[in-house]
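Summary of structural features
Here are the chains, one letter per residue:
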Amino acid sequence: MSKRRGQMLTIKDVAELAGVTPMTVSNVLRGKGRVGEKTREKVMQVVDANGYRPNLTARALVERRAPTLALLLGCITNPFYPEFTLQATHAARRHGRYLLVCNTDYEEDGGARFLGEVAGSLSDGILVANNGDLRIDELLAIQAGGTPVVVAVWEFPDAPPPIPCVAFDSRMAGRLATEHLLELGHRRIGAIIASEKGGIHNGRYDGYREALQSAQLRPVQANVRFCSDAYQSGYDAALALLGQRPNLTALFVSNDLPALGVLNAVAALGLRVPEDISVVSITDIELASQTRPALTTVAIPSAEMAEQGIDLLLKLIEQAPDAPQVIRSRDPVLVTRASTAPPRASTDR
């Protein structure tokens, strides 16, 4: 038997060419079972010489498991999500799994159609990157149907959802960012919160208010604007806030993407960062260090949460008895860059 390179081979073809059984070929390709070194080398020589690629659908049928894990995202154009996806992909591949990514683009159904179609068929489990628009009842229904679900980037570790999650302390992140401004000497600190009031960034907002109160400063509602988590929203919110509150010397922004819009809004007003106004944010996406001035931000453990989410999902798939309900990632860390400085002695603006 001979087949040209690139022509579709089956596992039976590889077995015949190598003079072994199909089970032996399967064990070699999956790294399972007891196979002698010479036999393994013979099988791999046939695989390499003929360009064999395993049929993932057939493997899924034989092994009764899908080769993929699903990742549900809110908006792939937000720089946080591609960075998170890359780390989750690396984690999945280390376990021999592929990642099937769904960008819901904030659809009204919250990705329900995607979840219903992939759960238990195309995917063994689903990792959801929290964007503040979770449909908990739908996730619980998927879980009840036998497909494990994990929520990553949960912002309230002390108030977890009824679904296994990976969380970080968002309140601490908001507090660290605001305390940095206070330590520099700022006292008139505004806030731009990239979610609705009481929404996903409420923990970050609470941290901002707690830091002000600890410094004997009363949080002023007129110094706060709520907006969506987008560049243009941050830009518009900064124009509106600074137009009405020109005496502010610093801004706390709850996420990096709208903070980039804030930097440009300040410039559009003829002001300079940080000479006229300091800006601090949360997340530490790659662009935060590349903008000018580079953005001071509180780094959250994004890569760690992606890896922990995949690891937890696999534990649930394997029904490991030690799979926790909540994994708390390491604490956020302040990353000081060029967008913050002490306030000027005079701020007559």
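Residues numbered from 1 in each chain as written. Predicted model: local features only at pLDDT ≥ 70, side-chain atom pairs only at ≥ 80, totals over all residues. Heavy atoms only, no water.

**Comments concerning unusual backbone geometry**
- Note that the residue after Val273, namely Pro274, is joined by a cis bond; omega there is 5 degrees.
- Mapped onto the elements of the fold, Pro274 is located in the loop between helix 11 (256–268) and strand 9 (278–283).
- Cis geometry marks the peptide bond from Arg292 to Pro293, where omega comes out at 0 degrees.
- Following the sequence through the fold, Pro293 ends up in the loop between strand 9 and strand 10 (296–299).
- For Val153, which is not glycine, the phi torsion reads 60 degrees and is therefore positive.
- Along the polypeptide, Val153 turns up in strand 4 (residues 149–154).
- Judged by its relative accessible area of 4%, Val153 is buried.
- Although it is not a glycine, Gln216 sits at a positive phi angle of roughly 65 degrees.
- Locating Gln216 in the fold gives a position in the loop between helix 9 (202–214) and strand 7 (224–226).
- Accessibility expressed as a relative area gives 70% for Gln216, which makes it exposed. (Helix = DSSP H or I, 4+ residues; strand = E, 2+ residues; numbered from the N terminus. Buried < 20%, exposed > 50% of the residue type's maximum accessible area, 1.4 Å probe, protein only.)

**Here's the deal with the nonpolar core**
- Counting 64 residues, the largest nonpolar core has Phe84, Leu127, Ile192 and Ile310 as its most contacted members.
- Look past the residues within four positions of Ile310 in its chain and what remains in contact with it is Leu69, Ala88, Ala91, Ala92, His95, Leu99 and Leu127. (Core = buried A, V, L, I, M, F, W, Y, C linked by side-chain atoms within 4.5 Å. Contact = heavy atoms within 4.5 Å.)

**Regarding the pattern of salt bridges**
- Per the stated rule, a full pass over the model turns up 15 salt bridges.
- Note that Asp169 is salt-bridged to Arg328, the shortest N-O span being 3.1 Å. Taken as a pair, Asp169 in the loop between strand 5 (165–167) and helix 8 (170–184) and Arg328 in strand 11 (residues 326–328) lie far apart in primary sequence, 159 residues in all.
- For Asp169, a relative accessible area of 13% puts it in the buried group.
- Members of the salt-bridge network, linked through shared partners, are Arg171, Arg175, Asp206, Arg209 and Glu210. (Salt bridge = Lys/Arg side-chain N within 4 Å of Asp/Glu carboxyl O.)

**Quick notes on the pairing of strand 2 (residues 98–103)**
- Where strand 1 (residues 68–73) and strand 2 come together, six bridges link them in parallel fashion. Each residue of the ladder has a partner; that of Leu71, found in strand 2, is Val101.
- Once you follow strand 1 into helix 5 (residues 80–94) and on to strand 2, the crossover reads as right-handed. (Pairing = 2+ DSSP bridges. Right-handed = clockwise from strand over helix to strand, strands pointing away.)

**Overview of the packing of helix 5 against helix 12 (residues 302–317)**
- Interhelical geometry of helix 5 versus helix 12 gives an angle of 40 degrees and a closest axis separation of 8 Å. When the axis of helix 5 is compared with that of helix 12, the two are oblique. Read as a crossing pair, helix 5 and helix 12 show a hand that is right-handed. In this structure, helix 5 contributes Phe80, Phe84, Gln87, Ala88, Ala91, Ala92 and Arg94 to the contact, and helix 12 contributes Ser302, Ala303, Met305, Ala306, Glu307 and Ile310.
- Looking at side-chain class alone, the contact of helix 5 with helix 12 contains nine nonpolar, two polar and two charged residues. (Axes fitted to C-alpha atoms, helices over the stretch in contact; angles between N-to-C directions. Parallel < 35°, antiparallel > 145°, perpendicular 65-115°, else oblique. Left-handed = near helix turned anticlockwise from the far one by under 90°. Nonpolar A, V, L, I, M, F, W, Y, C, P; charged D, E, K, R; others polar.)

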